[in-house]
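# Architecture at a glance
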Amino acid sequence: MNAHDEILALQGRIAQSIIGQKTVVESLVIGVLANGNLLVEGLPGLAKTRAIKALAKNLDAQFSRIQFTPDLLPSDVTGTEVYTQTAEGGSFRFDPGPIFANIVLADEINRAPAKVQAALLEAMEERQVTVAGTTHKMEPLFTVMATQNPIEQEGTYPLPEAQMDRFLMHVNITYPPVEDEVEVIRLVRGEEIAVLEGRKGNKPKKEKPPAISQEAVFTARAEIGQIHVSDKMDCYMADLVQATRTPGAVSDDLARWIEIGSSPRASLALDKCSRAHAWLHQRDYVDPLDLRAVVHNVLRHRLTLSFEAQGDGKQPDDVVDEIVKLVALP
């Protein structure tokens, strides 16, 4: 199989574990292909953790899960220097933390205080961790996928805007339709039965297909780098982001709703994610459909809405819809 077939196989395997969340599965794959970090948000029980674990299980990659809690320390994430006594004398050695993995699940990231959240910043942005004055590089395949629950406020520490901006995409998981929920019930029931029969020895274990290699991801990234982006598409990306900074030039409603617009990271994320989306759909160029497929994930966490927007009942996705509707295509 070529890289494209392998990545589609990876996407298909994840979809077998996550019923009815096709766009979420695609977003996770785009995040890996675009070499970015993802924030996955949804109500309890919507398979946020399961989706990320399914990705890691089907990829030949080291997986690490960090359960964020209020008593967590930065060294619990990054690792620390440990004093070791040997025959030649004592010395310090670095004991790597769980951040040193290929796929890092930062579960319920908003449950840890700011100093722990900040411990992720250097790794997410610069792909390295500095402890006791020594810099330790991350693996070539390195992605932080953080989850958070939008409704719980007690005992949580909301991520500051500067840290939210470090995430390539903010992926929302919503309730599945009824027909998909029926399939979820059957899927989990089947998994439980398979585990019980396996313990009794009544049913031979099925051989799992080999995990998708990291080389397929690196090859895909090289091919995505060759995707053609026209000058008009570049201008369209910049226009979409500029509309968040000067909303009054677009419409009076946007001027009332947007307090702070998006940084240049938004433009860069649109470029990376739209090229990855085009590659997944076997196009060698980016068109407006690719941009519109990723624009909500890229912009929803990079907008600071005003009190008037909240009073009007507007969510970030509503504002992005308005921007896409009003910003002219090239």
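Attention here is on the structure that accompanies the text.

The rules behind each value
- Residues numbered from 1 in each chain as written.
- Predicted model: local features only at pLDDT ≥ 70, side-chain atom pairs only at ≥ 80, totals over all residues.
- Heavy atoms only, no water.
- Core = buried A, V, L, I, M, F, W, Y, C linked by side-chain atoms within 4.5 Å.
- Buried < 20%, exposed > 50% of the residue type's maximum accessible area, 1.4 Å probe, protein only.
- Contact = heavy atoms within 4.5 Å.
- Helix = DSSP H or I, 4+ residues; strand = E, 2+ residues; numbered from the N terminus.
- Expected span 1.5 Å × (residues − 1).
- Pairing = 2+ DSSP bridges.
- Axes fitted to C-alpha atoms, helices over the stretch in contact; angles between N-to-C directions.
- Phe/Tyr/Trp six-rings, centres within 6.5 Å; stacked < 30°, edge-to-face > 60°.

## Describing the nonpolar core
In this structure, Leu33 and Trp279 are the most contacted members of the largest nonpolar core, which totals 69 residues. If near-sequence neighbours (up to four positions away) are discounted, leucine 33 is found in contact with Ile7, Ala220, Arg221, Ile224, Ala276, Trp279 and Leu280.

## A look at the side chain of asparagine 297
With respect to the helices and strands, asparagine 297 occurs in helix α13 (residues 288-299). Assessed through its relative accessible area of 9%, asparagine 297 is described here as buried. Those residues in contact with asparagine 297 that sit more than four places away from it in its chain are Ser27, Leu168, Met169, His170 and Val171.

## Quick notes on α13
When the terminal C-alpha atoms of α13 are compared, their 16 Å separation across 12 residues agrees well with the 16 Å that a helix rising 1.5 Å per residue should span. For α13, every residue scored as buried is listed here: Asp290, Leu291, Val294, Val295, His296, Asn297, Val298 and Leu299. Looking at the buried residues of α13, the elements they touch are α2 (22-33), β9 (169-173), α10 (231-245), α12 (264-280) and α15 (316-326).

## Section: the sheet that holds β9
Pairing is parallel across the open sheet formed by five strands, whose spatial order is β2-β5-β8-β1-β9. Edge positions in the sheet fall to β2 (63-67) and β9, since each has one partner strand and no second. The average undirected angle you get between the axes of adjacent strands in this sheet is 20 degrees. Pairing of strand β1 (residues 38-42) with β9, which is carried by five bridges, proceeds in the parallel orientation. In the sheet register, valine 40 faces β9, and the bridge partner there is valine 171.

## Observations concerning the environment of proline 158
You can see proline 158 is positioned in the loop between β8 (143-148) and α7 (161-164). In this structure, the C-alpha to C-alpha distance between proline 158 and isoleucine 109, residues 49 residues apart in sequence, is 8.9 Å.

## Some thoughts on the pairing of β2
Alternating positions in β2 separate cleanly, Ser64 and Ile66 being buried on one face and Phe63, Arg65 and Gln67 remaining unburied on the opposite face. Here five bridges tie β2 to strand β5 (residues 103-107), and the two strands are oriented parallel to one another. By the bridge assignment, glutamine 67 is partnered in β5 with aspartate 107.

## Describing the packing of aromatic side chains
This model, assessed by the stated rule, comprises two aromatic pairs. Relative to phenylalanine 92, the ring of tyrosine 83 lies with its centre 5.2 Å away and its plane at 65 degrees, an arrangement referred to as edge-to-face. Assessed through its relative accessible area of 48%, tyrosine 83 is described here as partly exposed. A ring pair is formed by phenylalanine 94 and phenylalanine 100, whose centres lie 5.7 Å apart and whose planes are at 75 degrees; its orientation type is edge-to-face. In this pair, the class of phenylalanine 94 matches that of phenylalanine 100, namely buried.

## Thoughts on the pairing of β5
With five of five residues buried, β5 lies mostly within the body of the structure. Of the two faces of β5, the one holding Ile103, Leu105 and Asp107 and the one holding Val104 and Ala106 are both buried throughout. The pairing of β5 with β8 spans four bridges and is classified as parallel. In the strand pairing of β8, valine 104 is matched with valine 144.

None of the figures reported here should be taken as evidence of function without further support.
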